[in-house]
Amino acid sequence: MSEKLDITVVVPLYNEEESLPELMAWIDRVCTAEKLSYEVVMVDDGSNDGSWRVIEELKERYPVLRALRFARNYGKSGALYCGFAAARGEVVITMDADLQDSPDEIPALRRMILEEGYDLVSGWKKRRYDPIGKRWPSKFFNFTARLVSGIKLHDFNCGLKAYRLRVVKAVEVFGEMHRYIPVLARQAGFKRIGEKVVEHRARKYGYSKFGIERMVKGYLDLITVTFLSRFGRSPMYFFGGLGTLMFLLGGGTTIWVIAEKLYKQFHALPLRPVTDQPLFYLAILAVVLGVQLFLAGFLGELINRGSSERNNYLIDKRIDD
């Protein structure tokens, strides 16, 4: 049986060899001062510098260090997923490896989880040292994410977060969904989501690994996670409902166009052939799309029925005989 720990610090990293010794020493200093039993799980996301060599050297100095190395770069979500699977601490803290997140925040984040009853606490870099070209797009992105998800967080992108252990074991982080772990957690049934203003430090080593493309991916992922949270278990409600609406609208319009033509023909009024009217072709297109959407919902239900996760429900409390 594995030892119960107070803290697990999960650190996803990619080409951060310069910062790792300083980060590990800082985490150790904070946890030792607070008398916390802890472990650090570093996940090397396919680095092509000397990061893994540095981790091996750090392991000799810090037995609490555990590490995983990917064969290639899979992305931050994959690194967090594997880090969460390995975590054993009562509270799990995630932070980036570039020293822009401060380990000094660990004790306060832990207290918010254990004493204030939060399931998840997200950091808010209220004062940031990033260039304006990153700050303003980030503000707009976070505004949109708050509006769509309904979760009132100022900084979805902040890598410094704290979780109860059962939260990280219940959520599945995939694709680029690390930005939306609070949304995934709420979807799983964890509603106590808080926020804490945290220190943001200027980058000391290297350069940012994220470019402007992350904004595009962020919005696409927001659409995905919103759809999955609302219709993931019942895709027919979305596709079937939309398909039925389009079918009825297209079918009704087709009948009206044909009926109008017959009425004018019966009363010897001027008329145009049905096939000369663009509205007729739009109506037929709506009917075809409606049928396709309905079939997409039906296929989604069949796939969902065969999924091993279809009855994966979070049980909060239990009373047995």
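First things first, this report covers the structure right here in the doc. (Residues numbered from 1 in each chain as written. Predicted model: local features only at pLDDT ≥ 70, side-chain atom pairs only at ≥ 80, totals over all residues. Heavy atoms only, no water.)

### Side note on the overall build of the protein chain
Point 1. Each helix and strand counted, the protein chain has 10 helices and seven strands in total.
Point 2. Here the protein chain holds 321 residues, and the buried ones make up 44% of them.
Point 3. Contacts spanning at least 24 positions in sequence make up 80% of the contacts within the protein chain whose residues lie at least 6 apart.
Point 4. Carbon and sulfur atoms make up 59% of the accessible area of the protein chain, which totals about 17900 Å². (Helix = DSSP H or I, 4+ residues; strand = E, 2+ residues; numbered from the N terminus. Buried < 20%, exposed > 50% of the residue type's maximum accessible area, 1.4 Å probe, protein only. Contact = heavy atoms within 4.5 Å. Areas by Shrake-Rupley, 256 points an atom, 1.4 Å probe, with all protein chains shown as cover.)

### A few points about empty space enclosed by the protein
Point 1. In this structure the tally under the stated criterion is one cavity of 30 Å³ or more.
Point 2. Each pocket or cavity is described by its volume, and for the largest cavity that value is around 70 Å³.
Point 3. Lining the largest cavity we find Lys76, Leu80, Thr94, Phe156, Asn157, Cys158, Gly159, Lys161, Tyr163, His178, Arg179 and Ile181.
Point 4. Each residue belonging to the lining of the largest cavity can be placed in one class, and the counts come to five nonpolar, four polar and three charged. (1 Å grid on protein atoms, 1.4 Å probe; cavity = no way out; pocket = protein on both sides within 12 Å on 5 of 7 lines; lining within 4 Å. Points joined across faces, edges and corners; volume = space filled by probe spheres on them. Nonpolar A, V, L, I, M, F, W, Y, C, P; charged D, E, K, R; others polar.)

### A few points about unusual backbone geometry
Point 1. Even without being glycine, Leu99 reaches a positive phi, approximately 70°.
Point 2. Here Leu99 lies in the loop between β4 (89-94) and α4 (106-114).
Point 3. Despite not being glycine, Ala268 has its phi angle at roughly 55°, a positive value.
Point 4. Mapped onto the fold, Ala268 is located in the loop between α9 (235-266) and α10 (278-305).

### Some words on the pairing of strand β3 (residues 65-69)
Every other side chain in a regular strand lies on the same face of the sheet, so the side chains alternate between the two faces.
Point 1. Pairing between strand β2 (residues 38-44) and β3: five bridges, direction parallel. Its bridge partner being in β3, Met42 is matched across the sheet by Ala67.
Point 2. For the crossover that starts at β2, traverses helix α2 (residues 51-61) and ends in the parallel β3, the hand is right-handed. (Pairing = 2+ DSSP bridges. Right-handed = clockwise from strand over helix to strand, strands pointing away.)

### Digging into the nonpolar core
Point 1. With 35 residues, the main nonpolar core has Val9, Val40, Met42, Ile93 and Met95 as its most contacted residues.
Point 2. At the level of secondary structure, the elements contributing two or more residues to this core comprise β1 (5-13), α1 (20-33), β2, α2, β4 and α4.
Point 3. It is α1 that provides the largest number of residues to this core, a total of seven residues.
Point 4. Beyond its immediate stretch of four places on either side in the chain, Val40 contacts Val9, Val11, Met24, Ile27, Val64, Leu65 and Arg66.
Point 5. Membership of the second largest hydrophobic core comes to 26 residues, among which are Leu80, Ala87, Met177 and Ala185. (Core = buried A, V, L, I, M, F, W, Y, C linked by side-chain atoms within 4.5 Å.)

### Describing α2
Owing to its 3.6 residues per turn, the α-helix aligns residues three or four sequence positions apart on the same side.
Point 1. Within α2, burial applies to Ser51, Val54, Ile55 and Leu58. Along the axis of α2, the buried residues cluster in a sector spanning 100°; they form a single face.
Point 2. Structurally, α2 contributes buried residues whose contacts are with β1, α1, β2 and β3. (Arc of directions from axis to C-beta.)

### So, the sheet that holds β2
Where strands meet in a sheet, backbone hydrogen bonds hold them as pairs that are either parallel or antiparallel.
Point 1. Pairing within the open sheet is mixed, and its seven strands lie in the order β3-β2-β1-β4-β6-β5-β7. The open sheet terminates on both sides in strands that have one partner only, identified here as β3 and β7 (193-197). Shown here is a sheet whose adjacent strand axes are inclined to one another by a mean of 20°, direction ignored.
Point 2. Sheet topology note: the β4/strand β6 (residues 161-164) ladder contains four bridges and is antiparallel. Looking at the pairing, Val92 lines up with Tyr163 of β6.
Point 3. Lying over the sheet, α1 contacts β1, β2 and β3, oriented at roughly 160° with respect to β2. (Axes fitted to C-alpha atoms, helices over the stretch in contact; angles between N-to-C directions.)

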